[in-house]
Structures are given as C-alpha cells and as structure tokens.
Amino acid sequence: MHTSQTLTDQRRRPTPVLAALTLALSVFAGTTTTQANAEAAPYRDTLTGWADRLDAAATVLETDPERPITRIGSGPLLKKGTSGERVERLTQRLAELGFLDRARQGDLFDDEVDTAVRAFQFSQRMKVDGLVGGGTRVALDRSPQEAAAQMRRSALSMRAFRDTAPDTVILVNLPSQTTTLVRDGEEALTMRSIVGRPSRETPLLQDQITHVIVNPTWTVPPTVLKEDKLPLLRAKGTPGIANAVVYLDGAPVEPAVVDWRNVSPRRVRIVQQPGDHNALGRYRFNMTNPYNIYLHGTNEPRLFDREIRTVSSGCVRLEDARGMAEALLAAEHVSTARLDRMLDRQEPQWVKLTQPVPVRFVYWTVTVDERDAVRLHPDIYDLNEDPVPTAAPDPTGPTSADPMPPAQRA
C-alpha cells in the first residue's frame, strides 16, 4: 500500500485515547482570518487566548478515563532496522494509539512501524522523519492526563507573564526552544533557539540586555575549558578551536610547544577571535546575571534544524541573531548600512543600549502555534514532575530552576 494512503487509513480509525489527544491539538483551531486577527492583536491578548485555549483542551482530555499505557522509556534512537525490547514497547504503544494493527506488534522496526511512527508525528505536527528519539519518544510516552496537566500549568504561567511583563520584553521559552521579541506590546520577532543541555540547564532568569556586541570574541568558559579543551591541549597540543589565542599565566603561547600535562585549568585562557568561525557567531547580547548567561548567534546554523535543540552549555543561541540585532539597535539609530560597516571592521564593536531591554525566561511546555493548534513540548529539565499549582506562581519569587554557578556556564 502506498505510504500516503496508509497514513490516511491510519488516521481514519483512532482509538479513544488518540481521539482525545488529537482533539486537544485541534480544539479551537481558527480560520485564516482568525489567525490574522490574532497576529495583529496585542501580545497580552494573544496570551489570554492561548491560556483559554489550553484550559479548554485540558478539559477535553480530563474527561477521558485513565487507561494503562505502554511507556517506551529513554534510550538510544529507534529507527527502521533496529530491534529489541524498546522497539516492542514502541509497537505496543503505536497499537494503543491506533497507528498500528495489534497483529503487527513485535520487536522489529520494519516498514509498517516506520509508517506508523510517521503518521503519529504527522498527527502531532512534529517533524515527520520516522525517527523515535527526543521529542517523538516523549510524545509517545505522554498520557492524556499528563498532557492536560502540562496545559493547565502552562496556562497559569502564561497569565502570570501577561499580568507582570513589561510592554517591551524578550521572551525565551525553554521547552519550545524559541525566542520572541515583544516591542511596545506587539510581537515583533520570533525565532528558533538553542538552549542548555540537561546537564547544563539554562536557568529561569529575569534579566535585561544592556549591550549588543557586533563581532564578539569568545572566551572559552571554565567548564568547557576544563572538560573539553584542556584534555585536547594535553592530547594533541591544540584546543581544537579555529582562530583562537591560547594564554598561559596571562601571556599568549604557541600551544603545540607547551607541556600541558601538569597545567591547571585556572592558568589557562582561550579566546577565539571574531569572524564567521566564532562560536558566538557575529552577535552577542550581554545581560547582567552572575551566571554568565547571555544570548548570541552561532557558527553552526544546521543545529536549528533539530527538533530538540538542548545542546548549549546554558546560553541561548538565536537562529536570526542579525534580525534581533537590527531590532534592538534601531532604537540606537544604527541603520542596517551602519551595521554592515561595523561587521566589516572585523573587531568587536560594543553598543550600549540607552534603555536596557528586559528578558524573561519561561517554562511553557505547551504553546499554540501559528495555525492556532496546541503544541506540546518536551519537559526538557523535568520541571513538571511537581503537582500542578493551584494558583499562578509569583513571577518575582524563586525560580523553578536552580542556576548553576558561573564556572559551569557557557
């Protein structure tokens, strides 16, 4: 049977569990006109609509009786050709959701399982690639009741943000790995982002951007230096960083002629010079927190194609750092032509913002996309294990994430 026909047939016979999940994704989906109106609405009104939509979707899921579900569990990537116990659990879960005939359950990831996985990904508006890893596995393992709890929690947090955030603010949502600039109450720019890996979480900060640096240098942070770069220096006599200057006891050295075996990390500093090769890309957006967390570009744009982009050491990488720089520097009367001239100088150019721009990091594991569909995101830092709060959290109180000390940040 042709794959597209298989996808159609699979979607025609959902189980009650799948029907509830699918309804939660599509409930209150608007027409093109509604979407256009939502885009033109003040951002606070947009958040109100999102929160109401999530509460309504949660109500739908909460009416579905709880049923035992098969959990695939964490582990290596599953794809066509793999086999084993986790594949067997995968086929059981796909059968429970109505994407695979129960007679086809087994421990081999074959063509039919691949088609079923793609159908599931399509129904969840995920990247349709047939690979079960990261987001797909988390989505399969999520029960309707767990999805409803995530919706309630995110709705509460959205309303708290709506009621307390300034009119101009940069919003970084960690689970969706996106960054939004809201300017004078209107959404001005939204882009994909890269955030901290689970072992080096990006903390839930309230901060502000004070400077935009064009053509930044990158000083290797202490943890990366100790765990990654110093071992390379000891093994190969190079830090493995293009166009970098290595300092020993404050003086630049030729790394290949130094015996690094007994050199402690605190004696070493590595600074990468500006350029397209720089790990921060061409733009850095400085903040004031003591954890060395900031926003910046990147020299690895391919990483934004990933569904799960938790690969940094804590800082936030922006897919369109140029667009963010243009938006922030417009208030400083820096034209695009002047910005181009600054880039051509090939040395760091610091611009202090007359009015620092507030930045808020939030943890919304459910959002609403541009098609007005509910989107569930992985609980990347396992912060949703606590019960759903009965009231909106105090936005000025302690954060859910316990920030690491500066030595552990990039």
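In this text, all values refer to a predicted model and were calculated from it rather than measured experimentally.

Remarks on helix α8 (residues 144–164)
Counted at 1.5 Å a residue, the expected span for α8 with its 21 residues is 30 Å, and the 31 Å between its end C-alpha atoms agrees. The element α8 is extensively covered by neighbouring structure, given that 15 of its 21 residues are classed as buried.

Quick look at the side chain of Q349
Within the fold, Q349 resides in strand β13 (residues 349–362). We classify Q349 as buried; its relative accessible area is 11%. Reaching out from Q349, the side chain makes a polar contact with the side chain of R345 at a distance of 3.2 Å. At a separation of 3.2 Å, a polar atom in the side chain of Q349 contacts the main-chain carbonyl oxygen of E347.

Topic: the nonpolar core
Ranked by internal contacts, the top residues of the largest apolar core, which has 38 residues, are I170, F285 and F361. Only β1 (169–173), β3 (186–196), β4 (206–214), β9 (283–286), β12 (316–318), α10 (321–329), α11 (336–344) and β13 provide two or more residues apiece to this core. Considering every element that reaches this core, the biggest residue donor is α10, with six residues. Setting aside anything within four residues of it in sequence, one finds F285 in contact with I209, H211, V212, Y294, L295, H296, L318, A321, M324, A325 and L328. Counting residues in each nonpolar core, the second largest holds 24 residues, with L47, L61, M158 and A165 among its members.

Regarding the environment of Q208
In this structure, Q208 sits in strand β4. In sequence terms Q208 and M287 are 79 residues apart; their C-alpha atoms lie 5.5 Å from each other. Not counting chain neighbours up to four residues away, the residues in contact with Q208 comprise N286, M287, T288, P356, V357, P358 and V359.

Some points on the sheet that holds strand β5 (residues 218–219)
Ordered in space as β5-β8-β6-β7, the four strands form an open sheet in which the pairing is antiparallel. Two strands in the sheet have a free side with no partner beyond their single neighbour: β5 and β7 (251–253).

Description of the packing of aromatic side chains
Aromatic ring pairs are reported here in terms of the distance separating the ring centres and the angle at which the planes meet. In this structure the tally under the stated criterion is four aromatic pairs. Ring plane angle 75° and centroid distance 6.4 Å describe the contact between Y43 and W50, whose orientation is recorded as edge-to-face. When sorted by exposure, Y43 lands in the same class as W50, which is buried. When the centroid spacing of 5.7 Å and the interplanar angle of 90° are considered together, the rings of F99 and F120 count as edge-to-face. Separated by 21 residues along the polypeptide, F99 in the loop between α5 (85–96) and α6 (111–123) and F120 in helix α6 bring together distant segments of the chain.

Reading the values: the criteria
- Residues numbered from 1 in each chain as written.
- Predicted model: local features only at pLDDT ≥ 70, side-chain atom pairs only at ≥ 80, totals over all residues.
- Heavy atoms only, no water.
- Helix = DSSP H or I, 4+ residues; strand = E, 2+ residues; numbered from the N terminus.
- Expected span 1.5 Å × (residues − 1).
- Buried < 20%, exposed > 50% of the residue type's maximum accessible area, 1.4 Å probe, protein only.
- Polar contact = N/O pair within 3.5 Å; in protein donor to acceptor, adjacent residues only side chain to side chain.
- Core = buried A, V, L, I, M, F, W, Y, C linked by side-chain atoms within 4.5 Å.
- Contact = heavy atoms within 4.5 Å.
- Pairing = 2+ DSSP bridges.
- Phe/Tyr/Trp six-rings, centres within 6.5 Å; stacked < 30°, edge-to-face > 60°.

These values are about where atoms sit, not about what they do.
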